[in-house]
Structure formats: structure tokens, C-alpha cells
Amino acid sequence: MESDLWETVGMVKHALKRELVDLSYVHGIPAFGRCGKCGRPFETPSDAMANPKKATEDFHAAFAAHKCDQDASQAAARIVREATEGR
Ligand SMILES: [Zn+2]
């Protein structure tokens, strides 16, 4: 059953992974992205595109600063609970 446990750990790690997904770029500037963990969308306003460096920095700063909502961590907790039930 040890391999099952490691599989569960991998699933939880994946669920908790926080990275930008669905990234799309406009003129090399990240225009849209989504948090892979909580699904929160991030968008660069079109008027911010005038300053590509700042727009890129702001985009990543907004992502770094956001707090993932509870759903993702609850989902991870559920995975652990379901996997450890009945042991
Ligand atoms: Zn998030």
C-alpha cells in the first residue's frame, strides 16, 4: 500500500501547486493568466501595455501577492481524507 500513499502525496502536491496557467501574451507581455491552484484569473489592462516592463512586473507581482481561495486547499484536504479513510 506504500505506493498508493506516494501517489496520494503526489496528487496533493499537484493540487497545491501554484503557478500561472493558461498564459497568453500580447507583444511579449503576459496579458492573461490563471492561477493553477485556485483558478483566479489575472489580466493586464490594455492601457498598462504601454509600459511592457512594468506591465510584466505588475502581472507577476499580482500573482505573487494573491491569496488562493479556500477551495483548492479544501480539495487537497479532501483528497488526503478520502485516501486515508478506512485504514
Ligand atoms: Zn491562487
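Residues numbered from 1 in each chain as written. Predicted model: local features only at pLDDT ≥ 70, side-chain atom pairs only at ≥ 80, totals over all residues.

Visitor: In this structure, what is going on with the overall build of the chain? I would like to understand it.
Guide: Scanning the chain from terminus to terminus reveals three helices and three strands. Tracing the chain from N to C terminus, the helices and strands come up as α-β-β-β-α-α. Classification of the 87 residues of the chain by burial places 8% in the buried group. A sequence separation of at least 24 residues applies to 43% of the contacts in the chain between residues at least 6 apart. (Helix = DSSP H or I, 4+ residues; strand = E, 2+ residues; numbered from the N terminus. Buried ≥ 20, exposed ≤ 12 C-beta atoms within 10 Å, placed from the backbone. Contact = placed C-beta atoms within 7 Å.)

Visitor: Is there a simple way to think about the pairing of strand 1 (residues 20–26) in this case?
Guide: The two faces of a sheet get side chains in turn, since along a regular strand they alternate between them. The element strand 1 is barely covered by neighbouring structure, given that only zero of its seven residues are classed as buried. Taken together, the five bridges between strand 1 and strand 2 (residues 29–35) define a ladder with antiparallel strand orientation. Each residue of the ladder has a partner; that of Ser 24, found in strand 2, is Phe 32. As consecutive antiparallel partners, strand 1 and strand 2 are separated by two residues, and within that stretch His 27 has a phi angle of approximately 55°, a positive value. (Pairing = 2+ DSSP bridges.)

Visitor: Would you mind going over the environment of Pro 52 with me for this structure?
Guide: Relative to the helices and strands, Pro 52 resides in helix 2 (residues 52–65). Classification of Pro 52 by C-beta neighbours within 10 Å gives partly exposed; the count is 15. Remark: the alpha-carbon pair of Pro 52 and Gly 28, spanning 24 residues in sequence, is separated by 8.0 Å. Sequence-distant contacts of Pro 52, that is, excluding residues within four places in its chain, are made with His 27, Gly 28 and Ile 29.

Visitor: Help me out: how do you make sense of unusual backbone geometry in this one?
Guide: Both trends apply: most residues other than glycine have a negative phi, and most peptide bonds are in trans. Positive phi, normally seen in glycine, also occurs at Asp 22, with a value near 55°. By the secondary structure assignment, Asp 22 is in strand 1. Overall, Asp 22 belongs to the exposed group, with 12 C-beta atoms counted inside 10 Å. With a phi close to 55°, His 27 is a non-glycine residue in the positive phi region. Along the chain, His 27 falls in the loop between strand 1 and strand 2. When the 8 C-beta atoms within 10 Å are taken as the criterion, His 27 is described as exposed.

Remember that the coordinates give geometry; whether it matters functionally is a separate question.
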